[in-house]
Structures are given as structure tokens and as C-alpha cells.
Amino acid sequence: MTHAPGITLKGAASIEGRQLFAPLSLTLDAGRWTCLLGGSGVGKTTVLRLLADLPTGAAFDGTIMATDGAGVADRIAYMAQDDLLLPWATVEKNITLGTRLRGQKADDARLSRLLDRCGLRDHLGKRPSELSGGQRQRVALARTLMEDKPIILLDEPFSALDAQTRAAMQDLAVELLAGRTVLVVTHDPGEAARLGHAIHVMTPAGLTSVAPPATAVPRAVEAMETLTCQSDLLRLLMGQAA
Amino acid sequence: MKILPAVAATLFALAVWQTIVSLTELPRFILPGPMLVAETWWTNRAVIAEHTLVTAQEVLLGLAIGTALGIFTALQLATSKTARLLVQPILVFTQALPVFALAPILTLWLGYGLWSKIAMAVLIIYFPVTSAFFDGLMRTPPGYLDLAKTMQASPSRVLWHIRVPAALPSLGAGVRLAAVYAPIGAVIGEWVGASKGLGYLMLLANGRAKTDLMFAAMLTLGVLSVLLYVVISKLTKSLGDRET
């Protein structure tokens, strides 16, 4: 992996003249986890898709810059709520999808390391339909890591999982994505409180930054400061809904 | 399809048929009973087999060529916007035409032999195959395409590794439909002008008031079609399984 840069997105987006989000400035610190928390329809996924240069259906007026001046969209790996595993391909073929789509040869040593770290060694030849939700999401995480990109964009990556699997996946993701610049888009205050080195609550009016607890991520689910942060975030979200 | 209920229903239908014929004492050239049809089938088995082989050949070749052309067209349409703009309206328009009306012309162009029948079968199945596969190719789950884009994939590799495999179940559905249509196409071709084939035999038997032979040939065609459908279903099922 090349050095992970910091990223700044500045600007506003609109859909057919109707404002999606007001002018905002979002900074992702290099090598850190940034959580973008918000309700449905505030445009948080649009922010992530703009960074990935994916189609959004919105007109964006602004700039996206990396601290090292190089491009952003060609240095990202993307993981969504839907694991996006190809149902006809084995676990191995799914993890190495990126190399095949670029006509490259997969790095076998890297694949082997990832299989061990994600606990997928025994599932190599299985198809996604034979896996549990948590296992599928581990395959998606391994596929994301196989790309070995310095910037990781996670769009509600664990929200389809049950609570205990979600917590385990959060721990694993923090461990495996260490050193990369990570953006997590989420609607779950608990997830933001556990994972964010920086937390931003997104509203139609713009961004509100919330200072996370000073402890290291992933924060313990039962720690008082995590729970306090979670309820602060929830109150912020509820205040906006009212 | 469960075998036992199907067999029971068939036997019941045959019994009803035989009963009607026995009770009404209809002349055999109006409606022969199943017993008589079976008897005729057995005594004429060599003739029927000979004509069946010809029709089967036409159907299989028509199915293979029509499917290949359909796959090729769908790939072209899916990868080229220009092709879509130019070809799609023509393709839809041709479906508004009664292709059966072309059968005499095809005989004129391609002669009395196999090829005019194969061409008819191809004409009938080309559109369902093209349309089913093309729809599948255009309905790739957008999430896969997003993922591919973030992986800097080239369009041809996305087509080969994602869009085509994702569209295979749709192609399977199209080919299954084609398996049902292909025998109809071949028989229409044979009706217009042929000296061999089950369609020809049916026409011949009808003209000579050998209604029992007509039924025997028709039922043979039905069995041939069902067999073809079952085989094609089995072959294409593996495509569909990959979807789950």
C-alpha cells in the first residue's frame, strides 16, 4: 500500500436544482477513521459516492482534494451494505475479483494472508449462498483489502448484520484497515461512537462535528464514554428529526 | 414436474378421448380413437421414424443457429449504444410482422430441403433469445457495476466477468422458450413445401383422409418437443442455479 493521504471534500450538491446538501467541508484525516452519521436522505451516501467517482444523480459543485495532490477516485476501495458478492463465483474468485477485472494476476501470498486473517481458509471453494451473513461480509472485507488501496470507503458496511456479528466485524475491520484513511457512512450512532477518530453528523444544513471519546478505536461497547457518545449522537439526530 | 400426476392426467385424457369415440361412433377420418392412433403409429413406425429424424435435425440446427445469432446480437446491442439506436427499432418492428408469411419466400430462396425449415425456426426463435439475453445484460445489479468501477475495470472485462454471468439465467429462460418455438417453426416450413419431415407427413395424411396417421405424426412431434424442452431445461438449469 502506498502512503495513505488525507482528503478534503468541499462543496454542495443538488438534484435538479433542489439542494441535496448545503455547502459543507469534510476532512478525512490521513490514516484515521472518519464517521459520517446521518438519517436517510441527507446525502451522506452521495458524499461517499462523490469521493469514489460513482454515479450519484446529483450535481456536485465543489472540489475533492487529497493532501498529496494526487487523485482520489483511483486510490479507493469500496464496500457497501450489500456485500456485492458474485453469486456464481467462489469465495476465492470473489476476493480476487479486482485483479481479474484489471487483467492482472492475483498476489497469492497476499490472498493467503487475508484468508487467514479473515478466517476464510475453510470456505475458499464455497459459493456465497453457502455462507452466513457474517461470513459473506468477511469475504467482502477480504475483497476490499485485496485491492490494497490507501483509502477505504465503507457505506453502511455492517448494518445488515445482527448485533454481535456487527460488533465482531467492526473489531476485525479496525484491525485490518489500520493505517488507511477510512470513511464510514452510517446511520448507527453506536457504530460511529465505536469507530470514529472523528465523527460528523450530517444534516440538511451541513455538518456538525462531535468530539469522540479520547480512547483508542475500536472502543469497547460497554465503556461509559462510548455509551455517552452514542447517546449524545442519538440526541443530535433526534433533535434534527423534530 | 412430478411424473405421477402427469401420467395419471394423460391416462385420464386418453380414456375420455376413447370413450367419446366409442360412444359417438364417429367415422375414423373425423376423429380416430387413441387405440387406433397407437396401432397406426406402430404399423407406420418406420415411416414416422424417418420423418421424425428429418424434423429433429431441422429443429436442433435451427435452435443452435438461432441461439448463437441471438447471443451475438444481444452482446452487440448491450455493448454499443449505436447498435441499440439503429437495430432495436428494426428488431421490434420485425416482431410485428407475421413471420409465417415468409415461409413460401424462404422455400423459394432456399429450396425444398432442410435449410428453408431451419431458416423458419431461426426466424421464430431469434427474437426471444436476443430479447431475453439482452434484457439480462442490461439489468446487471448496479452495485456490481459500482464495485467494478472502483476496481478500474475495463468495459470488456466487466462484460465478461460480471454482465454475462449475471445474465445467464435470462439467457436460459430465452433458450427454453426457443426450444418450444423451434419445432413450430420447422413444421410451418415443412407445410409450405417439403418432401420429408413430420409436418409434411401430417399434411400428406390429412390430404388422404388418414386422420389416424395425422394424429400419430402430431403426437410424435409433441413428444419430440417435450423431450427437447426437458433436455434444454436440464442444460440451462445449471445456468439458473448460479443465480441463487
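Look up a bit, the structure's there.
Predicted model, so just to flag it, every value in this text is computed and none were measured.

Scanning chain A from N- to C-terminus turns up 8 helices and 9 strands. On C-alpha atoms alone, chain A measures out to a radius of gyration of 18 Å, which is about the 18 Å that the 2.2 N^0.38 rule sets for 242 residues. Residues counted as buried form 41% of the 242 residues belonging to chain A. In chain A, once contacts between residues fewer than 6 apart in sequence are set aside, the share between residues at least 24 apart is 73%.

Moving on to the environment of A83 of chain B. Residue and element names in this part refer to chain B. Relative to the helices and strands, A83 is located in helix 4 (residues 81-96). Residue classification places A83 among the partly exposed positions, given that 14 C-beta atoms sit within 10 Å. With 10 residues separating them in the primary sequence, A83 and T73 have C-alpha atoms 9.3 Å apart. Not counting residues up to four positions away in its chain, the partners in contact with A83 are Q76 and L77.

In this section: the interface of chain A and chain B. Opposite the 20 residues of chain A that make contact, chain B presents 18 residues. Contributions of two or more residues to the side of chain A that touches chain B are made by strand 5 (76-80) and helix 3 (97-101) of chain A. Residues of the side of chain A that touches chain B, tallied by class, amount to 12 nonpolar, 3 polar and 5 charged.

Attention now goes to the sheet that holds strand 6 (residues 151-155) of chain A. Residues and elements named next belong to chain A. The 6 strands lie next to each other as 5-6-7-3-8-9, forming an open sheet whose pairing is mixed. Two strands lie at the open edges of the sheet, namely strand 5 and strand 9 (206-210), each paired on one side alone. On average, each strand axis in the sheet is tilted by 20 degrees relative to the strand beside it, whichever way the strands run. Bridge analysis of strand 3 (residues 33-37) against strand 7 (residues 181-186) gives 5 bridges, and the strand direction is parallel. By the bridge assignment for strand 7, L36 is matched with V185.

How each quantity is defined
- Residues numbered from 1 in each chain as written.
- Chains lettered and ligands numbered in written order.
- Predicted model: local features only at pLDDT ≥ 70, side-chain atom pairs only at ≥ 80, totals over all residues.
- Helix = DSSP H or I, 4+ residues; strand = E, 2+ residues; numbered from the N terminus.
- Rg over C-alpha atoms; globule rule 2.2 N^0.38 Å.
- Buried ≥ 20, exposed ≤ 12 C-beta atoms within 10 Å, placed from the backbone.
- Contact = placed C-beta atoms within 7 Å.
- Nonpolar A, V, L, I, M, F, W, Y, C, P; charged D, E, K, R; others polar.
- Pairing = 2+ DSSP bridges.
- Axes fitted to C-alpha atoms, helices over the stretch in contact; angles between N-to-C directions.

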